[in-house]
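So the chains spell out like this:
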Amino acid sequence: MPRLAYLAFASLTLGGCVATPPHHLVAPADPFVPVRPPAYAAVTAGVKNYEVTGPRDWRELNREVAPGGGEGAENRGIDTTIRARRGR
């Protein structure tokens, strides 16, 4: 029993020494703080279409994804399909 009394006394005396928490943590929310109103955002915004497409010429696909926007022989007036058929 004396241990319990010492423990209670120690906790009460040390509890008085605890610093109070800052006011901004304990204070209620200020209803007059300006807040931006919520805006509508579409769920599908930025979604790309990945539907299956028909077969395409691989040369044209390569030109589309080439660095520089597909600059190459077709811009210089060279017919690449005839060159590709002849070989190297």
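Here goes a summary of the coordinates provided. Values in this document were obtained by computation on a predicted structure and should not be read as measured data. Within each chain, residues carry numbers counting from 1 in the order of the written sequence. With the structure being a predicted model, the display of local features is reserved for residues of pLDDT at least 70 and the display and counting of side-chain atom pairs for 80 or more, all residues being used for whole-chain, interface and lining totals. Side-chain figures throughout are based on the complete set of non-hydrogen atoms in the structure, without hydrogens or water.

Overview of the overall build of the protein
No. 1: Helix and strand content of the protein: four helices and zero strands.
No. 2: When the elements of the protein are put in sequence order from the N terminus, they spell out α-α-α-α. Going along the chain from the N terminus, every DSSP run of H or I of four or more residues is numbered as a helix, and every run of E of two or more is numbered as a strand.

Thoughts on the pattern of salt bridges
No. 1: Salt-bridge detection follows one rule: a side-chain nitrogen of Lys or Arg within 4 Å of a carboxyl oxygen of Asp or Glu. Per the counting criterion, the structure on display carries three salt bridges.
No. 2: Between Glu64 and Arg56 there is a salt bridge whose closest N-O contact spans 2.4 Å.
No. 3: Throughout, exposure labels follow a simple rule: accessible area from a 1.4 Å probe, protein chains only, divided by the maximum for the residue type, with under 20% read as buried, over 50% as exposed, and the rest as partly exposed. When its relative accessible area of 48% is taken as the criterion, Arg56 is described as partly exposed.
No. 4: With a shortest N-O distance of 3.2 Å, Arg59 and Asp57 are connected by a salt bridge.
No. 5: Here Asp57 falls in the partly exposed class, since its relative accessible area comes to 30%.

So, helix 1 (residues 2–15)
No. 1: A helix is expected to reach a length of 1.5 Å times the quantity of its residues less one. For helix 1, with 14 residues, the first-to-last C-alpha span of 20 Å sits near the 20 Å given by 1.5 Å per residue.
No. 2: In terms of burial, helix 1 is a largely surface element, zero of the 14 residues being buried.

What about the side chain of Arg63?
No. 1: On the secondary structure map, Arg63 appears in helix 3 (residues 58–65).
No. 2: Exposure remark for Arg63: the relative accessible area of 16% places this residue in the buried category.
No. 3: Two N or O atoms count as a polar contact when they lie within 3.5 Å, although within protein this holds only if one can serve as hydrogen donor and the other as acceptor, and sequence-adjacent residues are included solely when both atoms are side-chain atoms. Within the structure, the side chain of Arg63 is placed 2.4 Å from the side chain of Glu60, a separation counted as a polar contact.

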